[in-house]
Amino acid sequence: MNGGGKLNLSRFPRTPLLEGPTPIQYLARLSKALGGVRIFVKRDDLNGLGGGGNKLRKLEFLLGEASALDADTIITIGARQSNHARLTAAAAARTGLACELVLSRMVKRYDDDYLHNGNIILDGLLGARVHDLAPDADTLVFAQERAATLQGQGHKVYFCPMAGSSPIGCLGYANAAAEILEQAAALGIEFDAIVAPNGSGGTQAGLVAGFSALGAASPSVVTYTVLKEAEQTRVATASLADQTAKLLDPALNIDSSAITVEAGELGEGYGIPTEGMIRAVRLVASTEGLLLDPVYGGKAFSGLLHGIESGKYKAGQAILFIMTGGMPGIFAYRSIF
């Protein structure tokens, strides 16, 4: 897993939100329990701001762009329990921006825990104004109309896409690719695969673009879709990866064959629990004391477990799982656990 250089991201405005590279840890007890497949985790849940999570990587570049445009307000969209919304609110509080969150009830859950616990509590504590939309509302149209209203009042508004997954936002995970290469070299590890959840595609797109820009003989990046059908997700992720790569080097092209998105873990839909997710969250918690979230990490780790059980991953292989954070979401799923 050798790189051909370092990424030059200095030409992109950036607002520091991270506390340095997140560690890679070996899960010895879990690896033994799973028959000797060596499981490592990239602890992107450990970023301290706002309860932590991988969306801060994207927000460094998104808020950098907002600052360069002299914005005083940031608006973003998401589901009621959006981790991205929580961290956008936290980043806005840290940098002095007003923050408005346009949240929809896109998950068909109406219990008190889901509607009033977890991330939604933190959104308010972090000072964001929350717009709670009906299930059939168009969040993007509402956000655009709200931005126009604020601009009419003299504000400079920056719109942040859902999950921060624009090419600019994906630079955060291109940078993570460089981190992984450096850490793997320091640890003397050759990862056979990198596994992560895929909602809006930003994590995988950034990693693939970053490895490509670095000229790296990288491991395969495998994701499990948690939001939409796998092929739709793969096509969208490939486009996003190509756009991100061209920000890094206009001569780069990402072929869609470089994007692997697995089905099988989505279940009945985004945010709807599955038996596999519950098993994965319980297993990682009880063997390693680590908390996967129920919407993203839990489903992706369930996919990894199925891959091990089916023989896709074998004893001795080294697998890096991206722990994307989202732990507050567990409290919105109290009845499930």
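Residues numbered from 1 in each chain as written. Predicted model: local features only at pLDDT ≥ 70, side-chain atom pairs only at ≥ 80, totals over all residues. Heavy atoms only, no water.

Draft legend 1. Region of the structure containing helix H6 (residues 139–152). Between the first and last C-alpha of H6 there are 20 Å, a value that for 14 residues agrees with the 20 Å anticipated at 1.5 Å per step. Regarding H6, the residues found buried are Thr139, Ala143, Arg146, Ala147 and Leu150. For H6, the angular spread of buried residues about the axis comes to 105 degrees, placing them on one side. Close packing links the buried residues of H6 with strand S3 (73–79), strand S4 (98–104), strand S5 (129–133) and strand S6 (157–160). You can read the cap of H6 off the contacts: a side-chain oxygen lies 3.1 Å from the backbone nitrogen of Leu140, and it is on Asp138. One or two residues past the end of H6 sits Gly154, with phi positive at roughly 100 degrees. (Helix = DSSP H or I, 4+ residues; strand = E, 2+ residues; numbered from the N terminus. Expected span 1.5 Å × (residues − 1). Buried < 20%, exposed > 50% of the residue type's maximum accessible area, 1.4 Å probe, protein only. Arc of directions from axis to C-beta. Contact = heavy atoms within 4.5 Å. Polar contact = N/O pair within 3.5 Å; in protein donor to acceptor, adjacent residues only side chain to side chain.)

Draft legend 2. Seen up close, helix H9 (residues 230–248). For H9, built from 19 residues, the straight-helix expectation of 27 Å at 1.5 Å per residue is met to within 8% by its first-to-last C-alpha distance of 27 Å. For H9, the secondary structure elements touched by its buried residues are helix H7 (167–187), strand S7 (193–198), helix H8 (202–213), strand S8 (220–225) and strand S9 (260–262).

Draft legend 3. Focus on the packing of aromatic side chains. A full pass over the atoms with the stated rule returns 5 aromatic pairs. Between Phe40 and Phe191 the ring centres are 5.4 Å apart and the planes differ by 75 degrees, which places this aromatic pair in the edge-to-face class. Taken as a pair, Phe40 in strand S2 (residues 38–43) and Phe191 in the loop between H7 and S7 lie far apart in primary sequence, 151 residues in all. With respect to class, Phe40 is no different from Phe191; both count as buried. Plain terms: the ring middles of Tyr270 and Tyr296 are 6.0 Å apart, the flat faces sit at 70 degrees to each other, and that makes the pair edge-to-face. (Phe/Tyr/Trp six-rings, centres within 6.5 Å; stacked < 30°, edge-to-face > 60°.)

Draft legend 4. Quick look at the sheet that holds S6. Read from one edge to the other, the open sheet built from 4 strands follows the order S5-S4-S3-S6, with strand pairing classed as parallel. Edge positions in the sheet fall to S5 and S6, since each of these pairs with one other strand and no more. Between one strand axis and the next, the sheet turns by 20 degrees as a mean value, whatever way the strands run. Relative to S5, S4 is paired through 5 bridges, and the arrangement is parallel. Among the inter-strand pairings, Val102 is bridged to a residue of S5, identified as His131. Packing of helix H2 (residues 55–68) onto the sheet brings it into contact with S3 and S6, and relative to S6 it is tilted by some 155 degrees. (Pairing = 2+ DSSP bridges. Axes fitted to C-alpha atoms, helices over the stretch in contact; angles between N-to-C directions.)

Draft legend 5. Local environment of unusual backbone geometry. Of note, the phi angle at Asp70 is positive, near 60 degrees, even though the residue is not glycine. Locating Asp70 in the fold gives a position in the loop between H2 and S3. Even without a glycine there, the phi angle at Ala163 is positive, about 65 degrees. Looking at the secondary structure, you find Ala163 in the loop between S6 and H7. Its relative accessible area of 8% is what places Ala163 among the buried residues.

Draft legend 6. Spatial organisation of the sheet that holds S7. Strand order across the open sheet formed by 6 strands is S1-S2-S10-S7-S8-S9, with mixed pairing between neighbours. Sheet topology places strand S1 (24–26) and S9 at the edges, where each strand pairs with a single neighbour. Across this sheet, the average inter-strand angle for adjacent strands is 30 degrees, counted without regard to direction. Sheet topology note: the S1/S2 ladder contains 3 bridges and is antiparallel. Looking at the pairing, Ile24 lines up with Lys42 of S2. Helix-sheet contacts for H9 involve S7, S8 and S9, and the interaxial angle to S9 is about 155 degrees.

Draft legend 7. Expanded view of the pairing of S4. Taking burial as the measure, the 7 residues of S4 include 6 buried ones, the bulk of the element. Pairing geometry for S3 and S4, over 7 bridges, is parallel. Its bridge partner being in S4, Thr73 is matched across the sheet by Ala98.

Draft legend 8. Inspection of the nonpolar core at higher detail. Core analysis: the largest hydrophobic core is formed by 66 residues, its most contacted members being Leu59, Ile74, Phe191, Ile194, Leu207, Phe211 and Leu320. Leu207 has contacts with Tyr173, Ala174, Ala176, Ala177, Ile180, Ile194 and Val221, leaving out every residue within four places of it along the chain. Of all hydrophobic cores here, the second largest spans 25 residues; its members include Ile39, Tyr224, Leu304 and Tyr313. (Core = buried A, V, L, I, M, F, W, Y, C linked by side-chain atoms within 4.5 Å.)

Purely geometric stuff here, so don't read any function into it on its own.
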